[in-house]
Amino acid sequence: MKNPFLEQYNTPFQTPPFDKIKEEDYLPAIEKGIEEEKAYIQNIIDNTEEPTFENVVAALEYGGETLEKAFYVFMNLLHSCANDNMEKIAQKAVPMVMAFSDEISLNPDLFKKIKYIYDQKDQLNLDPDQLKLLKDTYKSYIRKGASLNQEEKEELKNINQELSKLKLNFSNNSRKASNDWKLIIDKAEDLSGLPDNIIANAKGLAISNGMEDKWVFILDASSMIPFLQFADNRELRKEIHTQYISRCNQGGELDNNENIKKIIQYRIRKAEILGYDSYAHYILDDKMAHNPQNAYTLMYDVWEKALPAAIKESRELQDIIDELGHNITLEHYDWWYYTEKLKKQKFELNEDMLRPYFKLENVRDGAFSVANKLYGIKFKQRNDIPKYHEDVVIFEVLDKDDKHIGVFYTDYYKRESKQSGAWMNTFRVQSSEHTPLASNVCNFQKPTDDTPSLLTLEEVRTLFHEFGHALHGLLSKVRYQSQSGTAIPTDFVELPSQIMENWALEPEVLRMYAKHYQTKEAIPGDLIMKIQDSSHFNQGFETVEYLSAAILDMDYHILGSIDEQFDPSTFEEAILKKINMIPEIVVRYRSNYFNHIFSLGYEAGYYSYNWSAVLDADAFAAFKETGDIFNPKVAAAFKDNVLSKGGTEEADVLYRKFRGKDPDVDALMKRKGF
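Here's a quick rundown of the structure.

How each quantity is defined
- Residues numbered from 1 in each chain as written.
- Predicted model: local features only at pLDDT ≥ 70, side-chain atom pairs only at ≥ 80, totals over all residues.
- Heavy atoms only, no water.
- Helix = DSSP H or I, 4+ residues; strand = E, 2+ residues; numbered from the N terminus.
- Rg over C-alpha atoms; globule rule 2.2 N^0.38 Å.
- Buried < 20%, exposed > 50% of the residue type's maximum accessible area, 1.4 Å probe, protein only.
- Areas by Shrake-Rupley, 256 points an atom, 1.4 Å probe, with all protein chains shown as cover.
- Lys, Arg positive; Asp, Glu negative; His and termini not counted.
- Charge placed at Lys NZ, Arg CZ, Asp CG, Glu CD.
- Contact = heavy atoms within 4.5 Å.
- Phe/Tyr/Trp six-rings, centres within 6.5 Å; stacked < 30°, edge-to-face > 60°.
- Patch = residues over 30% accessible without salt bridge, like charges linked within 9 Å, V, L, I, M, F, W, Y side chains within 5 Å.
- Salt bridge = Lys/Arg side-chain N within 4 Å of Asp/Glu carboxyl O.
- 1 Å grid on protein atoms, 1.4 Å probe; cavity = no way out; pocket = protein on both sides within 12 Å on 5 of 7 lines; lining within 4 Å.
- Points joined across faces, edges and corners; volume = space filled by probe spheres on them.
- Nonpolar A, V, L, I, M, F, W, Y, C, P; charged D, E, K, R; others polar.
- Pairing = 2+ DSSP bridges.
- Axes fitted to C-alpha atoms, helices over the stretch in contact; angles between N-to-C directions.

Once that is clear, we can look at the overall build of the chain. A tally of helices and strands in the chain yields 27 helices and 7 strands. A globule of 674 residues ought to have a C-alpha radius of gyration of about 26 Å, and the chain, at 25 Å, matches this closely. In terms of principal-axis extent, the alpha carbons of the chain reach across some 85 × 65 × 55 Å. For the chain, with 674 residues in total, the buried portion stands at 59%. Accessible area for the chain stands at about 27,900 Å²; split by element, carbon and sulfur atoms hold 47% of it. Once the 81 positive and 109 negative side-chain charges of the chain are each reduced to a mean point, those two points are 3 Å apart.

Further remarks concern the environment of T490. As for its placement among the helices and strands, T490 is situated in helix α18 (residues 490-504). Along the sequence, T490 and S612 sit 122 residues apart, while their C-alpha atoms lie 8.8 Å from each other. If we ignore the near neighbours within four places in the chain, the residues touching T490 are K287, Y602, S608 and S612.

The backbone of H290 sits at a positive phi, close to 75 degrees, despite the residue not being glycine. Within the secondary structure layout, H290 lies in the loop between α12 (279-284) and α13 (292-323). In this structure, N580 is a non-glycine residue whose phi angle is positive, near 65 degrees. As for its placement among the helices and strands, N580 is situated in the loop between α22 (568-578) and α23 (595-598).

Throughout the structure, instances matching the rule amount to 47 aromatic pairs. Centroid distance F111 to Y138: 5.7 Å. Interplanar angle 20 degrees. Geometry classified as stacked. Within this pair, whereas F111 is found in helix α5 (residues 108-118), its partner Y138 is found in helix α6 (residues 128-143), the two being separated by 27 residues in sequence. Neither F111 nor Y138 differs from the other in exposure class; each is buried. Between Y556 and F566, the ring centres sit 6.4 Å apart and the planes meet at 65 degrees, which makes this aromatic pair edge-to-face.

On the surface, D186, E189, E212 and D213 cluster together into a patch of negative charge. Counting through the fold element by element, E212 comes out in the loop between α8 (196-208) and β2 (215-218). On the basis of relative accessible area, E212 is assigned to the exposed category, the value being 51%.

On to empty space enclosed by the protein. The tally for this structure, following the rule as stated, stands at 4 cavities of 30 Å³ or more. If you list the elements that add at least two residues to the lining of the largest cavity, you get α3 (65-80) and α7 (150-180). The leading source of residues in the lining of the largest cavity is α7, at 4 residues. Of the residues assigned to the lining of the largest cavity, the class counts are 3 nonpolar, 4 polar and 2 charged.

By the definition in use, this model includes 47 salt bridges. Two residues, D286 and K287, come together in a salt bridge whose shortest N-O distance is 3.0 Å. Judged by relative accessible area, D286 falls into the partly exposed class, the value being 33%. Between K346 and E316 there is a salt bridge whose closest N-O contact spans 3.0 Å. With K346 in helix α14 (residues 335-347) and E316 in helix α13, this pair connects stretches of sequence that are 30 residues apart. Judged by relative accessible area, K346 falls into the partly exposed class, the value being 42%. A cluster of three or more residues bridged by salt bridges with shared partners is formed by K139, R143, D285, D286 and K287.

Once that is clear, we can look at the environment of E416. Here E416 lies in the loop between β5 (404-413) and β6 (423-428). As for E416 and D180, which are separated by 236 residues in sequence, their C-alpha atoms are 9.2 Å apart. Setting aside residues up to four positions removed in sequence, E416 forms contacts with R175, N179, K182 and N209.

The sheet built from 5 strands is open, its strands ordered β3-β4-β5-β7-β6 with mixed pairing. The sheet is open, and its two edges are formed by β3 (378-381) and β6, each paired on a single side. Across this sheet, the average inter-strand angle for adjacent strands is 30 degrees, counted without regard to direction. By the bridge criterion, 4 bridges tie β3 to strand β4 (residues 393-398) in an arrangement that is antiparallel. Of the residues in β4, the one forming a bridge with K380 is E396. The strands touched by helix α16 (residues 360-375) within the sheet are β3, β4, β5 and β7 (437-444), with β5 carrying the most contacts at an inclination of about 155 degrees. Along the sheet face, helix α17 (residues 457-474) touches β3, β4, β5, β6 and β7 and points at about 170 degrees away from the line of β7.

What follows is the structure, given as structure tokens:
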């Protein structure tokens, strides 16, 4: 059998032939890709002509097709379709690719050519995107250690190898710990309070696990959060949430404490070798925030307003507990349950009233409609493009003149082979050579025999959020692939995603897509009004839960040293005590399952959602100020200066070109009601 990665794809738009790809194809293709890329790079090095932008910097953009084809697919499926064999392949493939990356980045002959061109940059008369690419390439090689001595380079290579393995271990442990535990209910009375569709989903999970006479809830948010919101059985709420927050921190083979300690130790040493004050200084050196202090300043400015709001909310919840005569003190596993009751009391609104209007397909089509009204693009379902899982639905993306833009894969349903959470990936990024192949992966509940997949309000926001990332990849219009779409600082990359959340719950947009899954009737005006009236509700909790994790992340990465007795749980406890975290709220991600910072590339970067929140609140205000949330002039400015530009200019420059000014933090405070 031929290896599909080593052949020309005979598929629409050169999409990956998932129907032909087998697990045994990955390693040979990756090895072959590395071999080809080595030869390509060596040709650049051996070229006896004078180094130029075109024969060195631009040339580096065009090699590695086989490696990219195989590795992009493998890494995407490792997170969405994992199994023991894929994890074994990853243990070989990821360090192998990391070693090859280091081999290129630390090659003195290649760097000598790059530096030669960089030193002449002011005389080269380059286009703005080319000058930015040259500067970024040079800085990237410096940041990867190109100017180190040989001994330091060897140590850095070893650190990168070890980190690649530790991050995989952390991620695998987190996924397995989430999947291994189940809340099994065998008495119908323990389902008291739960809506029928949640019970049906739990029955479906039980049946799929061979327990036809029971109900099963798991630690994924799509299963756990509804249970915490509605289940009357407090002991079971305590059991599931306590298990959730103690994952990978209970000893045994899935415990992540040692992984965390080693990751932090290696990152500290890496920063030292590269000459930075801390790993956070290293990471933020090329971000919008520039340094940890700027990130801390914004985080604590918001924290000082959010914490009092959360304390006030906790008192309101205790009041309703007392009113109901429940004779308990509010605990972390009670927050969602009594929040639903308080929301019902204050606004005559709860999730069970809204969920029937948020059928997954309708919400998705609503997001498509927003993109059409803003940017003139259309989404056409394609059944002739190979998919990597039966749950995947694929769309061709077209412009207003029906010209092909790219392909969009949607993979929305929860399964055990998926990492938890939601994300956007690319199977191929846009460049002058290629149209993009983007995907959204989520963990929503699957439909049952009687009920379609119905989303919560938060899941509606999640779908729009990830779709915003996909738009960023799909609407990219750049020359060089390393500048494409989402290849920008993490504290800017969340702007296109978070701004989309604003449209999700606008009355005009809700009327477009929120249709009752049974009656097909549009969501009534009084429910829309209640959604608007409750927009500031529980914002203290949501902000404190998130910011505590962002501060914890940054505090890990400003450490200058740790000793062998370092304990992540003790460190975490001290940080939360320092910021006066209230015990009724648990940090959004406890250290032992904080995948963003220990496996997914957001280390010293989780603050980015807060930084980008300032941008998105201010950016959406540009639409609101015109009185038209689909204002074509503002939409064109956002597309032309943000979505299409990728990393061709500095992030703050692109934002000012769109908005005409720097962002105003007051827009975020107003939106949160602080």
